[in-house]
Amino acid sequence: MTVPQLYYFAIRGLGEYIRLLFTDNGINFEDIRFVSRSPEWKEAKKSMIFGQMPCLKHDGKEYAQTGTIMRHLARVHDLNGSTEDDATFLDMFFEGLRDCRQKYVRYIYFDEGTREDLVHKTLPDCLANFEKLFNIHQGKFIIGDKPSYADYILFEELDVYTHLDATILDKFPSLKAFWEMMWQRPNLKAYLEKRKADGVWISVVEKGMH
């Protein structure tokens, strides 16, 4: 079996959820990163489904779209809960997180709203819903004591929001405890510390990094 190849930009962005899933589960993969607008990316996109990333290639097959890739990996690596109800709950959580991310993206890339509104109203409203959902099931993760694919998007989103405001999780104790716990996961800690030391940007613009 070949090693999976993940294609994405040299930022965190949407590809970071996939990198975290691979890294935390000890899955060897090739992390191929392109500089935005580079000649290499312009050439590579010509052969990709939809001409966009993230893109995952494995065993002669190609997968596009973030949610598709994450759910595919969840099914392959047993990260999708143990029942249909679990899978549906994780799907709901995942889509809710994606919706919240779009609100962040509209501020970062399109200057919609203000930083103050995002930090003190928009994101806290989202986080309050996630806190309630997170507390429905017992355990350290979204469902029980075993991570799922949705835990990686939750962790990444929480981490991104702390760059806007270091105290943003203080009113959401379950989410904050989860975020802190994920930072200490053995397979993630070295990766996260190196990412921080390298100053990897969250987006292709510096806005939102500090």
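Residues numbered from 1 in each chain as written. Predicted model: local features only at pLDDT ≥ 70, side-chain atom pairs only at ≥ 80, totals over all residues. Heavy atoms only, no water.

### Here's the deal with the overall build of the protein
Looking only at helices and strands, one finds eight helices and four strands in the protein. Taking 2.2 N^0.38 as the reference for a compact globule, 210 residues should give roughly 17 Å; the C-alpha atoms of the protein span a radius of gyration of 17 Å, in line with that estimate. Its C-alpha atoms give the protein principal-axis dimensions of roughly 45 × 40 × 30 Å. Nonlocal contacts in the protein, meaning residues at least 24 apart in sequence, comprise 68% of its contacts between residues at least 6 apart. Accessible surface for the protein amounts to roughly 10600 Å². Of this, 52% is attributable to carbon and sulfur atoms. (Helix = DSSP H or I, 4+ residues; strand = E, 2+ residues; numbered from the N terminus. Rg over C-alpha atoms; globule rule 2.2 N^0.38 Å. Contact = heavy atoms within 4.5 Å. Areas by Shrake-Rupley, 256 points an atom, 1.4 Å probe, with all protein chains shown as cover.)

### Side note on the UniProt feature "domain: GST N-terminal" (unreviewed entry) in the protein
Under the present numbering, the feature "domain: GST N-terminal" (unreviewed entry) in UniProt falls on residues 2–81. Secondary structure content for residues 2–81 is 34% helix and 22% strand, and the end C-alpha separation is 26 Å. (UniProt positions renumbered as here; feature names shortened; annotations may be inferred.)

### Quick look at the UniProt feature "domain: GST C-terminal" (unreviewed entry) in the protein
The feature "domain: GST C-terminal" (unreviewed entry), as annotated in UniProt, sits at residues 83–200 in this numbering. Counting secondary structure, residues 83–200 comes out at 74% helix and 0% strand; the distance between its end C-alpha atoms is 37 Å.

### A short note on the packing of aromatic side chains
Where two aromatic rings form a pair, the distance of their centres and the angle of their planes describe that pair. Inspection of the entire model under this criterion finds eleven aromatic pairs. With a centroid separation of 6.5 Å and 85° between ring planes, the pair formed by Phe141 and Phe178 is classed as edge-to-face. Here Phe141 is found in the loop between α5 (115–134) and α6 (149–164), whereas its partner Phe178 is found in helix α7 (residues 173–183), with 37 residues between them in sequence. Residue classification places Phe141 among the buried positions, given a relative accessible area of 0%. (Phe/Tyr/Trp six-rings, centres within 6.5 Å; stacked < 30°, edge-to-face > 60°. Buried < 20%, exposed > 50% of the residue type's maximum accessible area, 1.4 Å probe, protein only.)

### Overview of the pairing of strand β1 (residues 5–9)
Among the five residues of β1, four are classified as buried, and the element is accordingly described as predominantly covered. As defined by bridge partners, β1 adjoins strand β2 (residues 30–34) across five bridges and the pair is classed as parallel. In the sheet register, Tyr7 faces β2, and the bridge partner there is Ile32. The parallel pair β1 and β2, bridged by helix α1 (residues 15–24), forms a crossover whose chirality is right-handed. Both β1 and strand β3 (residues 55–58) contribute to a ladder of three bridges, which runs antiparallel. When the sheet's bridge partners are listed, Leu6 is paired in β3 with Leu56. (Pairing = 2+ DSSP bridges. Right-handed = clockwise from strand over helix to strand, strands pointing away.)

### Some remarks on the packing of α1 against helix α3 (residues 66–76)
For the pair α1 and α3, the least separation of the axes is 10 Å and the interaxial angle reads 15°. With respect to their mutual orientation, α1 and α3 come out roughly parallel. Seen from above, α1 lies across α3 with left-handed handedness. Taking contact as the criterion, the partners of Tyr17, Ile18, Leu21 and Phe22 in α1 are, on α3, Thr66, Ile69, Met70 and Leu73. (Axes fitted to C-alpha atoms, helices over the stretch in contact; angles between N-to-C directions. Parallel < 35°, antiparallel > 145°, perpendicular 65-115°, else oblique. Left-handed = near helix turned anticlockwise from the far one by under 90°.)

### Things to note about a nonpolar patch on the surface
A surface patch of nonpolar side chains, amounting to about 290 Å² of accessible area, comprises Tyr109, Phe110 and Val204. Structurally, the position occupied by Tyr109 is in helix α4 (residues 84–110). Take Tyr109: its relative accessible area is 36%, and that puts it in the partly exposed class. (Patch = residues over 30% accessible without salt bridge, like charges linked within 9 Å, V, L, I, M, F, W, Y side chains within 5 Å. Salt bridge = Lys/Arg side-chain N within 4 Å of Asp/Glu carboxyl O.)

### Describing the pairing of β3
Pairing of β3 with strand β4 (residues 61–64), which is carried by four bridges, proceeds in the antiparallel orientation. The residue of β4 that forms the bridge with Lys57 is Glu62.

### A closer look at the packing of α1 against helix α8 (residues 186–198)
The contact between α1 and α8 brings their axes to 8 Å, and the two run at 140°. Taken together, the axes of α1 and α8 are oblique relative to one another. From α1, Glu16, Arg19, Leu20, Thr23 and Asp24 reach across to α8, where they touch Asn187, Leu188, Tyr191, Leu192 and Arg195.

### Focus on the side chain of Asp86
Considering the arrangement of structural elements, one finds Asp86 in helix α4. Although Asp86 is buried, it forms no salt bridge, and the closest oppositely charged side chain is Lys146 at an N-O distance of 9.6 Å. (Lys, Arg positive; Asp, Glu negative; His and termini not counted.)

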